[in-house]
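Structural features, examined
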Amino acid sequence: MKTAIVIGATSGIGREVAASLVREGWRVGIAGRRQEALAAFQAEFGADKVSTAVIDIMAPSAVTALDALIAETGAPDLFFHASGVGYQGSDIDEEKELRTIQTNCDGMVRMVAHFTNFVKAHPDVYNAAHKAQIAVITSIAGTAGLGSAAAYSASKRMQSTYLSAMTQLARMEKLPVRFTDIRPGFVDTALLDPERRYPMLLSREKASRCILKAIKRKRRICIVDWKYRALVFFWRLIPRPLWERLTFISN
Ligand SMILES: NC(=O)c1ccc[n+]([C@@H]2O[C@H](COP(=O)([O-])OP(=O)(O)OC[C@H]3O[C@@H](n4cnc5c(N)ncnc54)[C@H](OP(=O)(O)O)[C@@H]3O)[C@@H](O)[C@H]2O)c1
């Protein structure tokens, strides 16, 4: 039986990916801040297949809680980091801007760095024949700075750069770990504003299918889905001075 740890499995994409893994026969350790959502997931799928831990990735104690979750679940083949926050608006809310950076950047680094060190510390489990896989949900929002989501798009760019750097480090140090950067377009979750309409909106199920395919194929980067791959291709061609003048972009 394969095992996975999913951080941010209480709702949205992380919950859908965790549920799909359990349905495929994986043993899964799930985490998030909402105890009741974790308990509901465990009740739905069974304590023999699901372990839970309340983890706030902003808290330094998150790493101790992660160690305990790993001890209960077993050393995972896959570490899936889905936790993240974001909001859209032009009001420059300082508190929200900082919370976005702290959750998406500090929180993600705290968990990914700690798990990478866990891999390093367990050569009996992880080696050239059995590499751990670390997948993080970043976003296509990291492609360029979005005026209506400044901290969010910057945090997503940081996440992708961090994963790129960690991939190089893993090669330099011959660490038995692979990194997958998952970059979805709009997915129908609580992260989006229910009052807005989003182009090319993906269902959680569709996004989860694309993500699991990329994980199984051990992709380095996966833009979810093909329509967004096409969009990002053209988006990258827009020169920065022109992009910064595109004031009609509100998403
Ligand atoms: N939806 C989209 O259109 C879209 C597009 C591109 C990328 N993404 C990315 O996908 C990821 C998942 O978001 P989602 O769309 O599935 O939204 P979501 O339903 O709001 O899920 C966010 C998850 O992050 C967890 N989380 C937030 N803050 C946390 C903290 N301090 N500690 C631990 N867990 C925390 C939440 O759990 P608790 O509240 O229980 O802690 C929840 O499980 C995010 O990184 C987001 O940026 C989403």
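To keep things clear, this report deals only with the structure shown in the data block. (Residues numbered from 1 in each chain as written. Predicted model: local features only at pLDDT ≥ 70, side-chain atom pairs only at ≥ 80, totals over all residues. Heavy atoms only, no water.)

The subject of this paragraph is the site of the ligand. Near the ligand, the surroundings consist of 30 residues, among which Thr10, Arg33, Tyr152, Val187 and Thr189 are the closest. One nitrogen or oxygen atom from the side chain of Ser11 is found 2.8 Å from an oxygen atom belonging to the ligand. Coverage of the ligand by the protein amounts to 95% of the 870 Å² it exposes when considered alone. Mapped by element, the contributors of at least two residues to the shell around the ligand are helix H1 (12-23) and helix H5 (150-172). A breakdown of the residues in the shell around the ligand according to their chemical character gives 14 nonpolar, twelve polar and four charged. (Near = heavy atom within 4 Å. Polar contact = N/O pair within 3.5 Å; in protein donor to acceptor, adjacent residues only side chain to side chain. Areas by Shrake-Rupley, 256 points an atom, 1.4 Å probe, with all protein chains shown as cover. Helix = DSSP H or I, 4+ residues; strand = E, 2+ residues; numbered from the N terminus. Nonpolar A, V, L, I, M, F, W, Y, C, P; charged D, E, K, R; others polar.)

This paragraph deals with the environment of Phe179. Residue placement: Phe179 occurs in strand E6 (residues 177-184). By relative accessible area, Phe179 is classed as buried at 4%. In this structure, the C-alpha to C-alpha distance between Phe179 and Ile134, residues 45 residues apart in sequence, is 4.8 Å. With sequence-adjacent residues up to four places away left out, Phe179 is seen in contact with Val112, Thr116, Ile134, Leu163, Met166, Thr167, Ala170, Arg219 and Arg220. (Buried < 20%, exposed > 50% of the residue type's maximum accessible area, 1.4 Å probe, protein only. Contact = heavy atoms within 4.5 Å.)

Pairing is parallel in the open sheet, where seven strands are placed in the order E3-E2-E1-E4-E5-E6-E7. Each edge of the open sheet is held by one strand with a lone partner, namely strand E3 (50-54) and strand E7 (221-224). Averaged over neighbouring strand pairs, the angle between their axes works out to 15° when direction is ignored. Against the sheet, helix H6 (residues 204-216) touches strand E4 (78-81), strand E5 (132-137), E6 and E7, its axis set at about 165° to E7. (Pairing = 2+ DSSP bridges. Axes fitted to C-alpha atoms, helices over the stretch in contact; angles between N-to-C directions.)

The residue after Val224, namely Asp225, is reached through a cis peptide bond having omega 0°. One non-glycine residue, Lys174, adopts positive backbone phi at about 55°. Take Lys174: its relative accessible area is 72%, and that puts it in the exposed class. You will see that Met200, though not glycine, has its phi angle at about 55°, which is positive.

A few words now on H1. Taking 1.5 Å as the rise per residue, H1 with twelve residues should run 16 Å; its terminal C-alpha atoms sit 17 Å apart, in good agreement. Within H1, ten of the twelve residues are buried, which leaves the element mostly enclosed by the surrounding structure. Restricting attention to buried positions, one finds in H1 the residues Gly12, Ile13, Gly14, Glu16, Val17, Ala18, Ala19, Ser20, Leu21 and Val22. (Expected span 1.5 Å × (residues − 1).)

This part is about the packing of H1 against helix H2 (residues 35-45). H2 packs onto H1 with a crossing angle of 20° between their chain directions and a minimal axis gap of 11 Å. As far as their axial angle goes, H2 and H1 are roughly parallel. Classified by chirality, the crossing of H2 by H1 is right-handed. From H1, Arg15, Ala18, Ala19, Val22 and Arg23 reach across to H2, where they touch Phe41, Glu44 and Phe45. Among the residues making up the contact of H1 with H2, the classes are represented as five nonpolar, no polar and three charged. (Parallel < 35°, antiparallel > 145°, perpendicular 65-115°, else oblique. Left-handed = near helix turned anticlockwise from the far one by under 90°.)

Just geometry here; none of it tells us what the structure is for.
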